[in-house]
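As a plain string of letters, each chain reads:
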Amino acid sequence: MTFNNWLGLRGEGLGRAKSRSLLTGLGIMAGVAALAYFMALGEGVRETVLGRLIKDLPAEEIQVVTPSMALGPIKVGGAKKLTDETVETLKNLTVTIDGEPIKVVKKVYRQLDASFPASITGHMFGIVYGTDTAISGIDPEMVAGDVKTGSFEYDPAAAEIPALIPDALLEVYNSAFAKAHDLPQLSKSFLMGKHFDMKPGLSSISRKRGSVIVQKRGVIVGLTGRGTMLGVTVPIDYVRNWNKAINPKENNGYRMLTVVSVKPEYVAAITAEVRDMGLEARASSGLAERVGGI
């Protein structure tokens, strides 16, 4: 091989390397930009969740859940369930304070998750949308202050089912998703009274063999920081009946019980009693760190 041939091959190799280097550089730039975008989005979601859930959490409330155990990075629920018997025990909880037995619980609210897949469809900005969703049932009295139109009560004969949507989800949509996709921002008043179709028992990725699909008409009556953060919240008796009809073999009990103390100073005593029952208690003082981690 002559020197000129060698020099020509060397030049071609450098040219190809230059092209590869340029493409690699562009790929790295795109990757860094995507990483920065998702980090900013994640931080925005985190700030929104912390602001809404922690700052406004009442000091006299304790969230009671089943104990969980860690399997590496994954947490799974324990065998103990939250049942109606647990609710009655908590309602009648008495602790000794300054030598006197005192009933320290004012209210116990229940939250029951759907044990089946579900989806919703509707219209927004003249476009038909559809999405899989979580459905959670909650005691109406717990969210009475969040209802802005109509009522949030169980009525098996009603043509429409009242539903609450997460206010944190609306804030995330307005602060991140709408801006990123050049979509109109939504106000709370705009959403009130909006209708959508609910399909308990059917989603795009899951349908239990032989399950009963219940199609219902839902109407938004308010926004809430309670219930599920990933879908719609309805009066608890709807979810109880759907669970029995669609997935009767699955009964994991209530997902969470919210205990309202008679006075904020009784929270520590109630928390200790709940833990003695083999359950996990979360007060406002310890919840900020958990939500921040999520």
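Residues numbered from 1 in each chain as written. Predicted model: local features only at pLDDT ≥ 70, side-chain atom pairs only at ≥ 80, totals over all residues. Heavy atoms only, no water.

### Some points on the packing of aromatic side chains
Evaluated as defined, the whole model comprises 2 aromatic pairs. Pairing Tyr-238 with Trp-242 gives two aromatic rings, centres 5.9 Å apart and planes at 40 degrees, and the pair type is tilted. Taken as a pair, Tyr-238 and Trp-242 lie in helix 5 (residues 236-246) at a separation of 4 residues, close to a single helical turn. Ring-pair connections join several aromatic residues into one group, and the members of that group are Tyr-154, Tyr-238 and Trp-242. We note Lys-194 situated over the ring of Phe-190; from NZ or CZ to the ring centre the distance is 4.2 Å. (Phe/Tyr/Trp six-rings, centres within 6.5 Å; stacked < 30°, edge-to-face > 60°. Helix = DSSP H or I, 4+ residues; strand = E, 2+ residues; numbered from the N terminus. Lys NZ or Arg CZ within 6 Å of the ring centre and 35° of its normal.)

### So, helix 3 (residues 167-180)
An ideal rise of 1.5 Å per residue puts 20 Å on 14 residues; helix 3 measures up with 19 Å between its terminal C-alpha atoms. Approximately 45 degrees is the largest bend angle found in helix 3, and it occurs at Tyr-173. If you check which residues of helix 3 are buried, you get Asp-167, Ala-168, Leu-170, Val-172, Tyr-173, Asn-174, Ala-176 and Ala-178. Of the residues flanking the end of helix 3, it is Asp-182, one or two places downstream, whose phi is positive at about 55 degrees. (Expected span 1.5 Å × (residues − 1). Bend = angle between axes of the 7 residues up to and from the residue. Buried < 20%, exposed > 50% of the residue type's maximum accessible area, 1.4 Å probe, protein only.)

### Describing the side chain of Asn-247
In this structure, Asn-247 sits in the loop between helix 5 and strand 14 (256-261). A distance of 2.7 Å separates a polar atom in the side chain of Asn-247 from the backbone oxygen of Ser-115. (Polar contact = N/O pair within 3.5 Å; in protein donor to acceptor, adjacent residues only side chain to side chain.)

### What to know about the pattern of salt bridges
Applying the stated criterion to the full structure yields 8 salt bridges. Across the pair Asp-113 and Arg-255 runs a salt bridge whose closest N-O atoms are separated by 3.0 Å. Highlighted residues: Asp-113 in strand 6 (residues 105-113) and Arg-255 in the loop between helix 5 and strand 14, separated in sequence by 142 residues. What makes Arg-255 partly exposed here is its relative accessible area of 37%. Of the charged contacts in the structure, one is a salt bridge between Asp-197 and Arg-217, with a shortest N-O distance of 3.2 Å. (Salt bridge = Lys/Arg side-chain N within 4 Å of Asp/Glu carboxyl O.)

### What about the layout of surface pockets?
Here the second largest pocket is characterised by a volume of approximately 960 Å³. Breaking the lining of the second largest pocket down by element, the ones donating at least two residues are strand 7 (118-124), strand 8 (127-132), strand 10 (160-166), helix 3, strand 11 (195-200), strand 12 (216-224) and strand 13 (231-235). Top element by residues in the lining of the second largest pocket is strand 8. It accounts for 6 residues. Tallied by class, residues from the lining of the second largest pocket come to 20 nonpolar, 8 polar and 4 charged. (1 Å grid on protein atoms, 1.4 Å probe; cavity = no way out; pocket = protein on both sides within 12 Å on 5 of 7 lines; lining within 4 Å. Points joined across faces, edges and corners; volume = space filled by probe spheres on them. Nonpolar A, V, L, I, M, F, W, Y, C, P; charged D, E, K, R; others polar.)

### Some details on the nonpolar core
One finds Val-64, Ile-135, Val-234, Trp-242 and Ile-270 to be the most contacted residues of the largest nonpolar core, which totals 47 residues. Looking at this core, the element that brings in the most residues is helix 5, giving 5 residues. With 10 residues, the next largest nonpolar core counts Tyr-109, Ile-138, Val-143 and Val-221 among its residues. (Core = buried A, V, L, I, M, F, W, Y, C linked by side-chain atoms within 4.5 Å.)

### A look at the pairing of strand 7
Every other side chain in a regular strand lies on the same face of the sheet, so the side chains alternate between the two faces. A large share of strand 7 lies buried, amounting to 5 of its 7 residues. In this structure, strand 7 lies alongside strand 11, joined through 4 bridges in antiparallel fashion. Note that in strand 11 the partner of Thr-121 across the bridge is Asp-197. As paired strands, strand 7 and strand 8 are joined by 6 bridges and run antiparallel to one another. What sits directly across from Ser-119, in strand 8, is Asp-132. (Pairing = 2+ DSSP bridges.)

### Looking at a nonpolar patch on the surface
Taken together, Phe-125, Ile-127 and Phe-190 make up a surface patch of nonpolar side chains, about 280 Å² in accessible area. On the secondary structure map, Ile-127 appears in strand 8. (Patch = residues over 30% accessible without salt bridge, like charges linked within 9 Å, V, L, I, M, F, W, Y side chains within 5 Å. Areas by Shrake-Rupley, 256 points an atom, 1.4 Å probe, with all protein chains shown as cover.)

### Some details on the pairing of strand 6
Note that strand 6 and strand 14 share 6 bridges and pair antiparallel. Paired with Gln-111 across the two strands is Met-256, which belongs to strand 14. As judged from the 3 bridges shared by strand 6 and strand 9 (residues 134-138), these two strands associate in the antiparallel manner. Across the sheet, Asp-113 pairs through a bridge with Ser-136, a residue of strand 9.

### Some remarks on the confidence of the model for the protein
Per-residue confidence for the protein gives a mean pLDDT of 79, with 72% of residues at or over 70. A low-confidence stretch, residues 69-74 stays under pLDDT 50, and its non-local contacts, those more than four residues away or across chains, total 5 contacts. Segment residues 288-294: pLDDT under 50, and 10 contacts once partners within four positions in sequence are set aside and those in other chains are kept. (pLDDT = per-residue confidence, 0-100. Contact = heavy atoms within 4.5 Å.)

### Remarks on the environment of Ile-97
Examined against the element boundaries, Ile-97 turns out to sit in strand 4 (residues 94-97). Taking the C-alpha atoms as reference points, Ile-97 and Ala-269, separated by 172 residues in sequence, lie 8.8 Å from one another.

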